[in-house]
Amino acid sequence: MSWLSRLKNALNSRRLDDDLSDEIRDHLERRTDALRKQGLDPDEARHKAQARFGNATLLREQSRGLRLWTGLEGTLQDIRYSWRGMCKAPGFALTVVLSLALAIGANTAIYSIVDAAILRPLPVGDPGRLFRLSFPSVSDPGSLAESESDWFSYPEYLQFTAAAAPVARLALFSSPGRAETHELTARAPIEKINRAYVSGGAFEMLGIQPAAGRLFSTTEDRIPQDRAVAVLSYDYWRRRFGQDPAVVGRSIAINEKAVEIIGVAREGFWSLENWSTSGCPERCTTHER
Amino acid sequence: MANPNSAQTALDLLVLTVLDRRGPLHGYGIATAIEDLSQEALRVEEGSLYPALHRMEELGWISAEWKASETKRRARFYRLTKAGKKQLANESDRWSSFAAGVARVLRHA
């Protein structure tokens, strides 16, 4: 008998008991009948049959032990017992289950945040030397962090870059926004993506390598722009294009504007901030910020 | 595994032999067959037959099936499996030489 049939027997131990009882009863009946045919009266025949059979309870225990794991059966009995207990006090059981679920859920959520924000390094080349610039709000002088702004205009960016020149490099990042994209064929399905604008030197400054094609360079900052270009995130490339290297050089429409895909950022890089992984950074095209 | 010359092994051997010669039988049938064949010399406590049957079923030597018997009563019929046939061949040879050895000692000692 395999462990599977033992498990089946344990799950269905009442049926096994019935089987054993049936088998024993059948034997006793047959023996009784045989003895009666030899001329014994019914009571005497039954007693003699039982005497010849021996200890039926002991045999039942022995056979049960053979045909199922008593330990396993015990565990299942425990489970059934606790289930009945919970059914008797459903309100209490529900409270306990919900408390546990909330506690475990909260712990998991907090750990996930700590993991992403503190334990895991930023997906850039040298996270220890990366700084985010911000300035106190002018309308509220002397106040602390809450009213800080990290919005810079493009001329400001150019001035800061020139001033910091040999010591530090600067890059601009827009906050991510939703955009609609589709292939440049008629009636192609429209997809919603997250995209952000970055300045031309952003990838180089962060030390991000391309997974395919090339990333932006400072020549992409030239104004007026001759053509719009985009870099895909690795996840979006995999999900949408099946990691097809031929997408490099192709054009897609982003918000009804044709944009050429020039490359794919390396795996694991999506943004400095936790915006969606389907980011589609386009070059910095505006003078604002 | 039990001592190869124990009463348990002897009972196994008897059961396997009966099933081999007479085809599928229920427990009661096996018990009466052993009694008849041994001319009541071997009268096992009938209850002890069932743990032996279930143990051999566990070992795969016999298989069991519920069937309606001649009197329309439901009975558990045991039949010899291939593994059981092999076991029977091995054990009966071994048992014969063991019994012959015992008989020789009894005769000549």
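Computed from a predicted structure; not experimentally measured.

Cut-offs used in this document
Residues numbered from 1 in each chain as written. Chains lettered and ligands numbered in written order. Predicted model: local features only at pLDDT ≥ 70, side-chain atom pairs only at ≥ 80, totals over all residues. Heavy atoms only, no water. Patch = residues over 30% accessible without salt bridge, like charges linked within 9 Å, V, L, I, M, F, W, Y side chains within 5 Å. Areas by Shrake-Rupley, 256 points an atom, 1.4 Å probe, with all protein chains shown as cover. Salt bridge = Lys/Arg side-chain N within 4 Å of Asp/Glu carboxyl O. Lys, Arg positive; Asp, Glu negative; His and termini not counted. Charge placed at Lys NZ, Arg CZ, Asp CG, Glu CD. Helix = DSSP H or I, 4+ residues; strand = E, 2+ residues; numbered from the N terminus. Pairing = 2+ DSSP bridges. Contact = heavy atoms within 4.5 Å. Axes fitted to C-alpha atoms, helices over the stretch in contact; angles between N-to-C directions. Phe/Tyr/Trp six-rings, centres within 6.5 Å; stacked < 30°, edge-to-face > 60°. Buried < 20%, exposed > 50% of the residue type's maximum accessible area, 1.4 Å probe, protein only. Expected span 1.5 Å × (residues − 1). pLDDT = per-residue confidence, 0-100. 1 Å grid on protein atoms, 1.4 Å probe; cavity = no way out; pocket = protein on both sides within 12 Å on 5 of 7 lines; lining within 4 Å. Points joined across faces, edges and corners; volume = space filled by probe spheres on them. Nonpolar A, V, L, I, M, F, W, Y, C, P; charged D, E, K, R; others polar. Core = buried A, V, L, I, M, F, W, Y, C linked by side-chain atoms within 4.5 Å.

A short note on a positive patch on the surface
- Together, Arg14, Arg80, Arg84 and Lys88 of chain A give the surface a local cluster of positive charge.
- A per-element tally of the positive patch places helix H5 (residues 70-88) of chain A first, with three residues.

A word on the sheet that holds strand E3 (residues 74-80) of chain B
All names here are of chain B.
- A sheet is described by the order of its strands in space; here three strands give the open sequence E1-E3-E2, paired in antiparallel fashion. Two strands bound the open sheet, and with one partner strand each, they are strand E1 (25-26) and strand E2 (62-68).
- Across two bridges, E1 lies against E3 in antiparallel orientation. For His26, the partnering residue across the bridge sits in E3 and is Phe77.
- Running over the sheet, helix H3 (residues 49-59) touches E2 and E3 and is turned about 55° from E3.

Points about the packing of aromatic side chains
- Under the counting rule described, the total for this entry stands at seven aromatic pairs over all chains.
- Both rings, one in Phe53 of chain A and one in Tyr50 of chain B, keep their centres 5.7 Å apart while their planes meet at 35°; by these two values the pair is tilted. A residue pair is termed interchain when its members come from two chains, as with Phe53 of chain A in helix H3 (residues 42-53) and Tyr50 of chain B in helix H3.
- On the accessibility criterion, Phe53 of chain A (2% relative accessible area) is buried.

What about the pattern of salt bridges?
- Taken as a whole, this structure holds 19 salt bridges over all chains when the rule is applied.
- Salt-bridge contacts for Arg31 of chain A lead to Glu35 of chain B; the nearest nitrogen and oxygen are separated by 3.5 Å. Separated into two different chains, Arg31 of chain A in helix H2 (residues 13-37) and Glu35 of chain B in helix H2 (residues 27-37) make up a pair that spans both. Residues Arg31 of chain A and Glu35 of chain B agree in their burial class; the two are buried.
- Of the charged contacts, one joins Glu191 of chain A and Arg240 of chain A as a salt bridge, the two residues approaching to 2.9 Å between their closest N and O atoms. Of this pair, Glu191 of chain A sits in strand E4 (residues 191-195) while Arg240 of chain A sits in helix H9 (residues 234-241), and the two are 49 residues apart along the sequence.
- Taking relative accessible area as the criterion, Arg240 of chain A reaches 29% and is therefore assigned partly exposed.
- Three or more residues are tied together by salt bridges with common partners; here these are Glu183, Glu191, Arg239, Arg240 and Arg250 of chain A.

A few points about helix H1 (residues 7-22) of chain B
Residue and element names in this part refer to chain B.
- Taking 1.5 Å of rise per residue, the 16 residues of H1 would be expected to cover 22 Å, and the 22 Å separating its terminal C-alpha atoms lies within 8% of that figure.
- Taken together, the buried positions of H1 are occupied by Thr9, Ala10, Leu11, Asp12, Leu13, Val15, Leu16, Val18 and Leu19.
- Those residues of H1 hidden inside the fold are in contact with E1, H2, H3, E2, E3 and helix H4 (82-108).
- Just past H1, the residue Gly23 takes up positive phi, approximately 75°.

A look at H3 of chain B
Residue and element names in this part refer to chain B.
- Burial of H3 is extensive: ten of the eleven residues sit out of reach of the surface.
- Among the residues making up H3, those that are buried are Leu49, Tyr50, Pro51, Ala52, Leu53, His54, Arg55, Met56, Glu57 and Glu58.
- Residue Gly60 follows H3 closely and has a positive phi angle near 85°.

Looking at the confidence of the model for chain B
- Counting all residues, the mean pLDDT for chain B is 83, and 88% of those residues have values of 70 or more.
- Under the prediction, the complex receives an ipTM of 0.78, its pTM being 0.43.

As for empty space enclosed by the protein
- If you walk through the whole model with that rule in mind, you get three cavities of 30 Å³ or more.
- The volume enclosed by the largest cavity comes to roughly 50 Å³.
- Along the walls of the largest cavity sit Asp22, Glu23, Asp26 and His27 of chain A together with His26, Gly27, Tyr28, Tyr50, Trp66, Arg74, Ala75 and Arg76 of chain B, which together make up its complete lining.
- Taken together, the elements giving at least two residues each to the lining of the largest cavity come down to H2 of chain A together with H2 and E3 of chain B.
- Tallying contributions element by element places H2 of chain A first for the lining of the largest cavity, with four residues.
- Classifying every residue of the lining of the largest cavity gives four nonpolar, three polar and five charged.

Quick notes on the nonpolar core
- Ranked by internal contacts, the top residues of the largest apolar core, which has 28 residues, are Val15, Leu16, Leu19, Ile30, Leu49, Leu53 and Ile62 of chain B.
- If you list the elements that add at least two residues to this core, you get H2 and H3 of chain A together with H1, H2, H3 and E3 of chain B.
- Among the nonpolar cores identified, the runner-up in size contains 16 residues, and Ala179, Ala230, Leu232 and Val264 of chain A belong to it.

Here we look at the environment of Pro42 of chain A
All names here are of chain A.
- Within the element layout of this structure, Pro42 appears in helix H3.
- Through-space distance from the C-alpha of Pro42 to that of Thr32 is 7.5 Å; in sequence the pair is ten residues apart.
- Look past the residues within four positions of Pro42 in its chain and what remains in contact with it is Thr32 and Arg36.

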